[in-house]
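Fold and contact review
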Amino acid sequence: MKRVDIAGFAGLLGILSAFSVAMPNGIYLVLAYVVLLLILVITWRLYLPNVFTFLMVFHWAQVVSYIFYVNTLWHGDMNLNTNSSANAYMYSLVGLLVMSLVFAKVAFRNIIVSREDFETSLDRINPKKVLQLYLILYFASGVLSRNAFGFGGLTQVFLNIALLKWAGFVLLGYLSFRNKEYRIFFAIAFVLDFIGGFFSFFSSFKDVFFYTAVIFMTYISKISFNVSFKAAIGVVALFYLAVVWTVIKGDYRQFLNEGSGRQEVNVSQDKAFDKLSDLLSTVNKETINQGVGQFFYRLQYVYHFAKAVDMVPANIPYQQGSVWRETVEFVVVPRMLNPDKGSLDNSVKASKYTGIPFSGASRGVSFSLGYFADCYVDFGVPGMFIALAVIAFIWSKIFRFFLIKSTNNIVVNYAIVIAFFIQFSFFEMDGTFMFGRMFTTFVVFLLLKYTLFPRMEKFISYES
């Protein structure tokens, strides 16, 4: 497997490191840049579906944003509201390296896909049929997503089937590299998913950027300094967009659910976009400055981890695996066998182990402890790193299974595994939510492997 040449990117990080040293907590930024380079070197391979690289890089971005949060709102004082900031931050960076090593050793073991292999598999796919498939999956996904919560126990099944829209999007993206006439269709698909994502309670407009990034990462063989600098400008633009969204999303979501407090959309698209336009018109320099701090807080989630380190084991003993045992039981044991199962409220666990009285599901919000902190609360250090390695190992085995066995076309399999794993991009994911999505997505995709996936491949292949 050919590694991606990141020498130019390393040069840019070297310059950033030189400037960072003079900043508050600069040494922590420099350490983060080193970890980022290691993640890229360990996991990024040419002509492979580099979804794990993306997951770890996005996790990394959330972790390092904690330093910017501290520098922005705490004036650089790491110990202002917690005594464990440095520990939680370093534990997070080490955890990312542990998971990256497992991915590299397990997920890609003995898997070699050359450029010729990739291009040959791509040649077997009919671009017109892929466009048709994407349109079918796009509209089916919309119907399933809008109605999923009305079917009780089938909600997760419908939501996971809806993920297949992204498999079609990835295939269309791959083919647009080979067929210039299809780039306009990919661009239209990008815009549709971006705009449509605003008509969602969960800000799903960002998903299209995630999938597009992974598509491009399949083809990138070298990152020059010039490309790195241009990419940095793009990141700044996305940062501005994210801050604007942070400023308006509270009012926008309240409008979407009409003040019900539930995570739902109760208004028409026309009204939603009119409200969005009105809110955007109120954004100014003052609100942007306020939004920067809010954005860093919502992004980082290391603070919750730090508060858990404050609390455990000083006030609450290590749980010796009970947190993850309860997680597995909640996900695997059906409600008919456990009538007292209750419903998932992430804020309850976050409040218990941080000492912060978070609002919960009754008020239509949710705050997570994060699965890194779940591992720490259960096992401490170094036990949490073993737990993270186990999670990475399970993800890697699932990845290998679907990459190798989903269909007879490796490019179609790329699209399937990317659609599966992008949902795990977030550092703040609650362990119960993460394991639940992993379990249900695996079960649904396993059933689809023996039913729909072969038919999808046959439909888009020239042989059909």
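Before reading on, note that the structure itself is shown above.
Let us look at the structure shown here.

About the thresholds
Residues numbered from 1 in each chain as written. Predicted model: local features only at pLDDT ≥ 70, side-chain atom pairs only at ≥ 80, totals over all residues. Heavy atoms only, no water. Helix = DSSP H or I, 4+ residues; strand = E, 2+ residues; numbered from the N terminus. Rg over C-alpha atoms; globule rule 2.2 N^0.38 Å. Buried < 20%, exposed > 50% of the residue type's maximum accessible area, 1.4 Å probe, protein only. Contact = heavy atoms within 4.5 Å. Areas by Shrake-Rupley, 256 points an atom, 1.4 Å probe, with all protein chains shown as cover. Lys, Arg positive; Asp, Glu negative; His and termini not counted. Charge placed at Lys NZ, Arg CZ, Asp CG, Glu CD. Expected span 1.5 Å × (residues − 1). Axes fitted to C-alpha atoms, helices over the stretch in contact; angles between N-to-C directions. Left-handed = near helix turned anticlockwise from the far one by under 90°. Nonpolar A, V, L, I, M, F, W, Y, C, P; charged D, E, K, R; others polar. Salt bridge = Lys/Arg side-chain N within 4 Å of Asp/Glu carboxyl O. Parallel < 35°, antiparallel > 145°, perpendicular 65-115°, else oblique. Polar contact = N/O pair within 3.5 Å; in protein donor to acceptor, adjacent residues only side chain to side chain. Patch = residues over 30% accessible without salt bridge, like charges linked within 9 Å, V, L, I, M, F, W, Y side chains within 5 Å. Phe/Tyr/Trp six-rings, centres within 6.5 Å; stacked < 30°, edge-to-face > 60°. Lys NZ or Arg CZ within 6 Å of the ring centre and 35° of its normal.

To continue, consider the overall build of the chain. Counting its secondary structure elements, the chain contains 20 helices and zero strands. Relative to the compact-globule value of 23 Å for 464 residues, the chain shows a C-alpha radius of gyration of 22 Å, a close match. With the principal axes as the frame, the chain shows a C-alpha extent of 65 × 55 × 50 Å. Taking all 464 residues of the chain together, 54% fall into the buried category. The long-range share in the chain, meaning contacts at least 24 apart out of those at least 6 apart in sequence, stands at 78%. For the chain, the accessible surface area stands at approximately 21,100 Å², while carbon and sulfur atoms represent 63% of it. Positive and negative charge centroids in the chain, built from 38 and 27 side chains respectively, lie 6 Å apart.

This brings us to helix α3 (residues 51–73). Between its first and last C-alpha atoms α3 spans 33 Å; for 23 residues at 1.5 Å apiece the expected length is 33 Å, and the two agree. With 18 of 23 residues buried, α3 lies mostly within the body of the structure. Positive phi appears at H75, one or two residues downstream of α3, with a value of about 55°.

A separate point is the packing of α3 against helix α13 (residues 285–300). To describe two helices that pack against each other, one gives the angle between their axes and the distance between the axes. One way to put it is that α3 packs onto α13 with a least axis distance of 8 Å and a crossing angle of 145°. Note that α3 runs across α13; the crossing there is left-handed. For the pair α3 and α13, contact is made by A61, Q62, S65, Y66, F68, Y69, T72 and L73 and by V292, G293, F296, Y297, L299 and Q300, respectively. Among the residues making up the contact of α3 with α13, the classes are represented as nine nonpolar, five polar and no charged.

Summed over the entire model, instances satisfying the criterion amount to six salt bridges. A salt bridge links E119 to R178; the nearest nitrogen and oxygen atoms lie 2.5 Å apart. Remark: R178 occurs in helix α8 (residues 164–178) and E119 occurs in helix α5 (residues 115–123); sequence separation between them is 59 residues. Under the relative-accessibility criterion, E119 is labelled buried at 17%. Its relative accessible area of 38% is what places R178 among the partly exposed residues. Shared partners join several salt bridges into a network, and the residues in it are E119, D123 and R178.

In this section: the environment of L96. Summarising the element assignment, L96 is placed in helix α4 (residues 85–107). Overall, L96 belongs to the buried group, its relative accessible area being 0%. Along the sequence, L96 and Y240 sit 144 residues apart, while their C-alpha atoms lie 26 Å from each other. Those residues within four positions of L96 in sequence are excluded, and the remaining contacts are I39, M56, H59, W60, V63 and F372.

Relative to the elements of secondary structure, F19 occurs in helix α1 (residues 7–20). Residue F19 is classed as exposed on the basis of its relative accessible area, which comes to 63%. Each C-alpha atom of the pair F19 and L388 lies 33 Å from the other, and the pair is 369 residues apart in sequence.

What follows deals with the side chain of S17. You can see S17 is positioned in helix α1. Judged by its relative accessible area of 15%, S17 falls in the buried class. Those residues in contact with S17 that lie beyond four places of it in its chain are V30 and Y33.

This part is about the packing of helix α19 (residues 431–449) against helix α20 (residues 452–460). Their axes nearest at 5 Å, the elements α19 and α20 cross at an angle of 55°. By the angle between their axes, α19 is oblique relative to α20. Residue-level inspection shows F445, L448 and K449 of α19 in contact with α20, the latter providing L452, F453 and P454. In the contact of α19 with α20, the residues fall into five nonpolar, no polar and one charged.

In this structure, H304 sits in helix α14 (residues 302–311). At 3.2 Å, the side chain of H304 forms a polar contact with the side chain of Y297. Non-local contacts of H304, meaning those with residues more than four positions away in its chain, are made with Y297, T354, F358, F367, S368 and L369.

Attention now moves to a nonpolar patch on the surface. A cluster of nonpolar side chains, I15, F19, F225, F229 and I233, forms an exposed patch at the surface whose accessible area comes to about 520 Å². Every element with two or more residues in the nonpolar patch is listed here: α1 and α11 (225–256). Counting residues per element, the nonpolar patch draws most heavily on α11, at three residues.

The next point concerns the packing of aromatic side chains. Applying the stated rule across the entire model yields 61 aromatic pairs. Consider the rings of Y47 and F118, whose centres lie 5.5 Å apart with planes at 45°: the pair is tilted. Taken together, the residues span a long stretch of sequence, with Y47 in the loop between α2 (26–43) and α3 and F118 in helix α5 at a distance of 71 residues. A single burial state applies to Y47 and to F118, both of which are buried. One residue, K129, lies across the ring of F459, its end atom 4.9 Å from the ring centre. Sitting over the ring of Y450, K449 keeps its end group 4.1 Å from the ring centre.

Negative phi is the rule for most residues except glycine; trans is the rule for most peptide bonds. Cis geometry marks the peptide bond from V312 to P313; its omega dihedral reads 5°. As for its placement among the helices and strands, P313 is situated in the loop between α14 and α15 (322–332). Cis geometry is found at the peptide bond from V381 to P382, where omega equals 15°. Positionally, P382 belongs in helix α17 (residues 371–405). A positive phi angle, close to 60°, is found at N25, a residue other than glycine. Relative to the helices and strands, N25 resides in the loop between α1 and α2. You can call N25 buried: its relative accessible area is 16%. Even without being a glycine, N110 presents a positive backbone phi close to 60°. For N110, the position within the fold is in the loop between α4 and α5. Residue classification places N110 among the exposed residues on the basis of a relative accessible area of 67%.

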